[in-house]
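# Residue-level structural notes
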Amino acid sequence: MIALVDGNNFYVSCERAFDPRLAGRPVGVLSNNDGCVVARSQELKALGVAMGAPLHLLPPDVRRQAVLLSSNYALYGDMSRRVNQVLAEFSPDVEPYSIDESFVGFDGFPEEGLEAHCRALRETVGRWAGIPVGVGLASTRVLAKLANRLAKREPAFEGVCRLDADDEATHRALAACPVEDLWGVARRSAERLALMGITTAWELREADPRWVRSHFSLVMERLVWELRGRPAIVLDDMSEPRRRLLVSRSFGRLTGERHELEAAIRQHAARAGEKLRRQGSLARAVQVFVRTSPFLVGEPQYRNAALVALPAPSADSRELLAAARRALAAIFLEGYRYQKCGVMLLDLMETERAQPSLLETPADDARRARSQRLMATLDRLNREMGRDTVRFGLPRPGNPWALRCERRTPRYTTRWSELMRVKTS
Amino acid sequence: MSLSHRTRIRVVGRAASEGVGPPRPLMGCRVRAGFPSPADDHLDAEIDLHAHVVKRPAATYFVRAEGDSMHGDGIHHGDLLVVDRSLEPLPGRVIVIALEGEPTVKRLERRGSGVWLVASNPRFAPIPLAGRECEVWGVVTHVVHDLLGRAP
């Protein structure tokens, strides 16, 4: 059996864990630069605020009632880590799927006690991390995902829902589930399925797997098996395999200055390099993209991307930065006001799998070892002394791509100077 | 000898790495005979204060105390408190509790049939929990107080 555990309105729950005053109030978390609502408490949803709604379009009475916060990614990341740490107390097999979702495998656990085990898990996460979670338990990931949704939607489940593949309740749940609500079914596939008479999850389950494969894809066939209770998918089917890594950000204000774009790209490339090394990968190519704001009618529009292949797979920020700079130079045009730029590292591979080239000399070896030491030192300094302690080139203060985060709450768990304050009197 | 005197080093090339003989298999274990080494008893790890104080990392948080009503428990204004959210708020323990939305540190005490929040400074009256909106946040396990007067 496998469980999908996910945090209810995760960002909002993180904020509430450290500020009890937010309980019961409509709370929203805003994206950093475009000011859209990216997380909503139940109360904010009840006020009719849609996911992705821009801050400036919210009705005045909603803005008055609601607490709207800038996103505090340092806090959310740390709380996500803590939740997974708690989950690890309940099973050795914890697989984070996104910042607020993890799969927990229960192979080898006695089946009959699992529901109680999951209730204890949910209660413990709630107490230790202060994060309410929903748990969907089933024999496959696809069913667990569906069970998780039921657990959140139906209060009667009290946060934990178990679906057994051949149960009558599962049949009813699948019959009531539109096929496009299934994990891994894109809207276009759902439209094609509908043309062939398959509109519910139950109808997909009953379809002939070989027929599904020949008309759709291997992944869709695996879905059929999963719905029947036979594990068939691997996470790579559903998520971005670790093949590319993107760091991008909108500018806080539009800019046409070359040096500002260069500085932004430098910072994005450095951040991408840091992430790349953390996951133990090497990149084979660096892509840079820039674009103007597509929403500014009347402004000249431009978007472009350039890709520079690296001479050899690398995780050295200096090489990534050099490639990114060349790519930017190839596409930057004067006379436009840019709204967004980003760096994507492509065709990643695991560091251990790297093959030394036949042309390599001992000097190359030494250079590589040196680069690894330098990058490890750089990452350690930035990890231990705080982000951006060591960086490439100096971003100037007041730069347009700095996060806009006026309403950010303290980074309660990652900064000494921002700890939660408790009164004694 | 003058301090400014420097020994100059000239690099003449790489040290040869040949000449170590044919490769030999590396034994992964040592054969033990006779008495164990008396030094084995002294293979201590470095003392790790963090591990000593933080028993459950996933559930442990650091918070900052404000105010002077908990002096008797050794909690001063500006002190760092270690809070474990996995522990039970038993009577006698110092806890962090949200009192009408305000995170507060107090000692939990059972008096008669009721539960009270008690300050350790006599100037502050005990607060009965009955009829109050409150939620226990965690149990304070340690206080870090800087004797040099800096915020720890």
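What counts and what doesn't
Residues numbered from 1 in each chain as written. Chains lettered and ligands numbered in written order. Predicted model: local features only at pLDDT ≥ 70, side-chain atom pairs only at ≥ 80, totals over all residues. Heavy atoms only, no water. Helix = DSSP H or I, 4+ residues; strand = E, 2+ residues; numbered from the N terminus. Buried < 20%, exposed > 50% of the residue type's maximum accessible area, 1.4 Å probe, protein only. Contact = heavy atoms within 4.5 Å. Axes fitted to C-alpha atoms, helices over the stretch in contact; angles between N-to-C directions. Parallel < 35°, antiparallel > 145°, perpendicular 65-115°, else oblique. Left-handed = near helix turned anticlockwise from the far one by under 90°. Nonpolar A, V, L, I, M, F, W, Y, C, P; charged D, E, K, R; others polar. Pairing = 2+ DSSP bridges. Buried area = accessible area lost by both parts, 1.4 Å probe. Salt bridge = Lys/Arg side-chain N within 4 Å of Asp/Glu carboxyl O. Polar contact = N/O pair within 3.5 Å; in protein donor to acceptor, adjacent residues only side chain to side chain.

## Structural notes on the overall build of chain B
- Counting its secondary structure elements, chain B contains 1 helix and 7 strands.
- The secondary structure elements of chain B, listed N-terminal to C-terminal, are α-β-β-β-β-β-β-β.
- Out of the 152 residues belonging to chain B, those deemed buried represent 30%.
- Sequence-distant contacts, at least 24 apart, represent 52% of the contacts inside chain B between residues at least 6 apart.

## Regarding the packing of helix H4 (residues 73–87) of chain A against helix H5 (residues 114–128) of chain A
Residue and element names in this part refer to chain A.
- Two elements in contact, H4 and H5, have axes separated by 10 Å at closest approach and are oriented at 140 degrees. Here H4 lies oblique to H5, going by the angle between them. The two elements H4 and H5 cross, and the hand of that crossing is right-handed. Of the residues in H5, those touching H4 at Val83, Val86 and Leu87 are Leu121, Thr124, Val125 and Trp128.
- When its residues are assigned to classes, the contact of H4 with H5 shows 6 nonpolar, 1 polar and no charged.

## A word on the sheet that holds strand S5 (residues 93–98) of chain A
Residue and element names in this part refer to chain A.
- Taken in spatial order, the 5 strands line up as S5-S6-S1-S7-S8 in an open sheet, and their pairing is mixed. Each end of this open sheet is capped by a strand with a single partner; those strands are S5 and strand S8 (160–163). Pairs of neighbouring strands in the sheet enclose a mean axial angle of 20 degrees, with direction left out of account.
- In this sheet, strand S6 (residues 101–105) lies alongside strand S1 (residues 2–7) in antiparallel orientation, the contact comprising 5 bridges. Bridge pairing in S6 places Leu4 opposite Phe103.
- Packing against the sheet, H5 makes contact with S1, strand S7 (133–138) and S8, and its axis sits at approximately 160 degrees to S7.

## Some details on the interface of chain A and chain B
- With 22 residues of chain A in contact, the opposing surface of chain B contributes 33 residues.
- Buried surface at the junction of chain A and chain B, summed over both partners, amounts to about 2600 Å²; 55% is from carbon and sulfur atoms.
- Per-residue buried area on chain A facing chain B is highest for Trp128, Val422 and Thr424 of chain A; these three make up 28% of the total on that side.
- Along the contact surface separating chain A from chain B lie 5 salt bridges.
- Across the salt bridge formed by Arg21 of chain A and Glu102 of chain B, the nearest N and O atoms sit 3.8 Å from each other.
- Seen at the junction of chain A and chain B, the total is 18 residue pairs in polar contact (both at pLDDT 80 or more).

## Considerations on the sheet that holds strand S3 (residues 37–40) of chain A
Residue and element names in this part refer to chain A.
- Pairing is mixed in the open sheet, where 3 strands are placed in the order S3-S2-S4. The sheet is open, and its two edges are formed by S3 and strand S4 (67–70), each paired on a single side. When the angles between neighbouring strand axes are averaged without regard to direction, this sheet yields 30 degrees.
- When strand S2 (residues 27–30) meets S3, the two strands line up antiparallel, connected through 3 bridges.

## Focus: unusual backbone geometry
Residues and elements named next belong to chain A.
- Of note, the phi angle at Asn9 is positive, near 40 degrees, even though the residue is not glycine.
- Relative to the elements of secondary structure, Asn9 occurs in the loop between S1 and helix H1 (10–18).
- At Glu158, a residue that is not glycine, the phi angle is positive and equals roughly 50 degrees.
- Position of Glu158 among the secondary structure elements: in the loop between helix H6 (141–153) and S8.

## Some remarks on the pairing of strand S1 (residues 60–66) of chain B
- Along S1 of chain B, 5 of the 7 residues are buried, which leaves the element largely enclosed by surrounding structure.
- For strand S14 (residues 420–423) of chain A and S1 of chain B, the ladder comprises 4 bridges, and the chain directions are parallel. Opposite Val422 of chain A, over in S1 of chain B, you have Ala65 of chain B as the bridge partner.
- One ladder, built from 5 bridges, connects S1 of chain B with strand S2 (residues 80–84) of chain B; its direction is antiparallel. For Arg64 of chain B, the partnering residue across the bridge sits in S2 of chain B and is Leu80 of chain B.

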